[in-house]
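Examination of the molecular architecture
One letter stands for each residue in the lines below.
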Amino acid sequence: MPTVEDYVARTEGTCGAEKDIIVIFKYEKKEEAIANILKKATLKNSLAGIIYELSFEGRSFRVYTSGKAIFRSIKDKEELNHILTALLL
Amino acid sequence: MFDPHALRADFPILKRKVNDHPLIYFDNAATTQKPQQVIDAERDFYENHNANVHRSVHTLSQEATELHEAGREKIAQFIGAKESAEVIFVRGTTEAINLVAYSWGLRNLKPGDEVLLSLMEHHSNIVPWEIVSKIAGFSIKYANVHPDGMLDYDDFESKLSSKTKLACLSHVSNVSGTINDVKRLAKVAHDNGALFLVDGAQSVPHMPIDVQNMDADFLAFSGHKMLGPTGIGALYGKKALLKSMAPFQGGGEMIKDVLFVQEEGHCGISWNEPPWKFEAGTPNIAGGIALAEAVRYLQRLGMENVSRHETELTAYAMKRLTELKKVTVYGPTDLKKKCGIIPFSVEGLSSHDVALFCDTFGIMLRSGFHCAQPLHQVFKLQSSARASFYIYNTAEEVDRFIEVLKEMEEF
């Protein structure tokens, strides 16, 4: 059974007053991770297929084909895990 | 002749691509890229001269010692110190300020005394003082900063009193690029009987520095922000002050004698002379040698030329940023009072969104507080994006940056 850890190399809380979290996907799994996310989230906007503005369960976030995503206003690690599990698996 | 396009050939990393785009490195206030000459100097030490310094008589140790001390001499000359004994090798600006806080502050400051800082300081010029004040019982005052990022000189001067024993100030803000008139403020501090420490992390790499003309008692700076390796920097201190100060850390190198006194059951210790009194343990020998090579590189370019190039590039970037409807730039607009650091925000986006967007196009920016949260409180910002320039950045890179920001605005 695949897990979130199979796709995610690292998560980082951002420096600043915002409660943003950056998710960095494993290099070799980033395309698969992004494809999974695009299947499940609602696409709001896209720039030339390299940056996606998405929403999922009322939360908006961005995914970059460089293999990173930024989730805004996440309460804690549990909430992030819940979202990533739903989006990636 | 200063030619940023030509000197880029010296920097191997600038040839690489990031996310399939040519690298545009605009995070120089965080750390700078390294020219081949600096990389070679560090490698040459390990390949040909590696040994510990000072205490051995063998040939390799003599060579290592000569290179190490010649590096100190070069750095002393670069900042206009009277002699190399006034330059202490440290890991960087943070360690330099901690050294002063613990060696001088802990032993010279007492309840009733004050240290004056400003709200534009990097955390490395706030936190050591807050920690040591809790131990020694002195107070800290903070001079205000105007909403345009300029220091409130009147407030700074009004907060100096007979209680103030030390004033500490950034020469250049790492967020706004504001240049402070440290010569003027050193005089005011001295007139009030206080010492004056300059955080030179963002000035020493970018402009001519003369500590004697500035009349700073201490100057702290980092090697990695001026083409040198990480983990090496320097603290300048006036010799008489350094002689009067207690050591920072204990160990080898910083002592003359450690003599066990049988009758007393402990060791009697006498200290080495400055600067070695403050350099416990084996120093970062290769780092110091490579930093001296970075200094030679900058001296060949000429610090006046470095400063002029950055001012011209900043002027160009500031002008082009006005074309963008959703971008707000913070800090001073008068380029005589500003270095090559531009903090900004994009309407509707967090600074991290901005940095990730730019990263996708190979442009490296910093986002967040930049270790200067109080200044973000002054600017009423949750965080900021920051572009910061150095010798190898070009107007063409600024053009590309503006193109990407325009795409971001339209997204």
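Described in the following lines is the structure provided in the data block. (Residues numbered from 1 in each chain as written. Chains lettered and ligands numbered in written order. Predicted model: local features only at pLDDT ≥ 70, side-chain atom pairs only at ≥ 80, totals over all residues.)

**Some details on the interface of chain A and chain B**
Counting from both sides, the interface comprises 18 residues of chain A and, opposite them, 15 residues of chain B. Breaking the side of chain A that touches chain B down by element, the ones donating at least two residues are strand S3 (42–47), strand S5 (59–64) and strand S6 (68–71) of chain A. Grouping the constituent residues of the side of chain A that touches chain B by class yields eight nonpolar, five polar and five charged. (Contact = placed C-beta atoms within 7 Å. Helix = DSSP H or I, 4+ residues; strand = E, 2+ residues; numbered from the N terminus. Nonpolar A, V, L, I, M, F, W, Y, C, P; charged D, E, K, R; others polar.)

**Examining the sheet that holds strand S14 (residues 341–346) of chain B**
All names here are of chain B. Reading across from one edge, S13-S14-S17-S16 is the order of the four strands in this open sheet, with antiparallel pairing throughout. Two strands lie at the open edges of the sheet, namely strand S13 (327–329) and strand S16 (366–368), each paired on one side alone. With strand direction ignored, the average angle separating the axes of adjacent strands in the sheet is 30 degrees. In this structure, S13 lies alongside S14, joined through three bridges in antiparallel fashion. Each residue of the ladder has a partner; that of Val 327, found in S14, is Val 346. (Pairing = 2+ DSSP bridges. Axes fitted to C-alpha atoms, helices over the stretch in contact; angles between N-to-C directions.)

**Considerations on the packing of helix H2 (residues 36–49) of chain B against helix H10 (residues 285–301) of chain B**
Residues and elements named next belong to chain B. Where H2 contacts H10, the axes come no closer than 8 Å and their chain directions differ by 150 degrees. As judged from the angle between their axes, H2 and H10 are roughly antiparallel. Crossing geometry of H2 relative to H10 is assigned as right-handed. On H10, the residues touching Gln 37, Val 38, Ala 41, Glu 42, Phe 45 and Tyr 46 of H2 are Ile 285, Ala 286, Ile 289, Ala 290, Glu 293, Ala 294 and Tyr 297. (Parallel < 35°, antiparallel > 145°, perpendicular 65-115°, else oblique. Left-handed = near helix turned anticlockwise from the far one by under 90°.)

**What to know about the nonpolar core**
Residue and element names in this part refer to chain B. Formed by 140 residues in total, the largest nonpolar core has its most connected members in Ile 79, Ala 167, Phe 196 and Ala 234. The dominant element in this core, judged by the number of residues it contributes, is H10, at 10 residues. In terms of domain composition, this core takes at least three residues from each of domain 1 (4–26 + 302–404) and domain 2 (39–299). If near-sequence neighbours (up to four positions away) are discounted, Ala 234 is found in contact with Ile 75, Val 87, Ile 88, Phe 89, Val 90, Ala 96 and Phe 221. (Core = buried A, V, L, I, M, F, W, Y, C linked by C-beta atoms within 7 Å. Buried ≥ 20, exposed ≤ 12 C-beta atoms within 10 Å, placed from the backbone. Domains from an automatic or database assignment.)

**Overview of the packing of helix H11 (residues 303–321) of chain B against helix H14 (residues 395–410) of chain B**
Residues and elements named next belong to chain B. Packing of H11 against H14 leaves a shortest axis separation of 10 Å and a crossing angle of 20 degrees. Put simply, H11 runs roughly parallel to H14. Handedness of the crossing formed by H11 with H14: right-handed. Of the residues in H14, those in contact with Leu 313, Tyr 316, Ala 317 and Arg 320 of H11 are Ala 395, Val 398 and Ile 402.

**Remarks on the sheet that holds strand S6 (residues 139–143) of chain B**
Whether parallel or antiparallel, the strands of a sheet pair through hydrogen bonds between backbone atoms. All names here are of chain B. Across the sheet, seven strands lie side by side as S4-S10-S9-S8-S7-S5-S6; this open sheet has mixed pairing. This sheet does not close on itself; its edge strands, each paired only once, are strand S4 (87–90) and S6. Neighbour-to-neighbour, the strand axes of the sheet open up by a mean angle of 20 degrees, direction not taken into account. In terms of strand pairing, strand S5 (residues 114–118) meets S6 through five bridges, oriented parallel. When the bridges of S6 are listed, Leu 116 appears paired with Lys 141. In the packing of helix H5 (residues 127–136) onto the sheet, the strands contacted are S5 and S6, and the crossing angle to S6 comes to about 150 degrees. The strands touched by helix H7 (residues 182–191) are strand S7 (164–170) and strand S8 (195–199); relative to S8, the strand with the most contacts, the crossing angle is about 155 degrees.

Function cannot be read off these values alone, since they describe shape.
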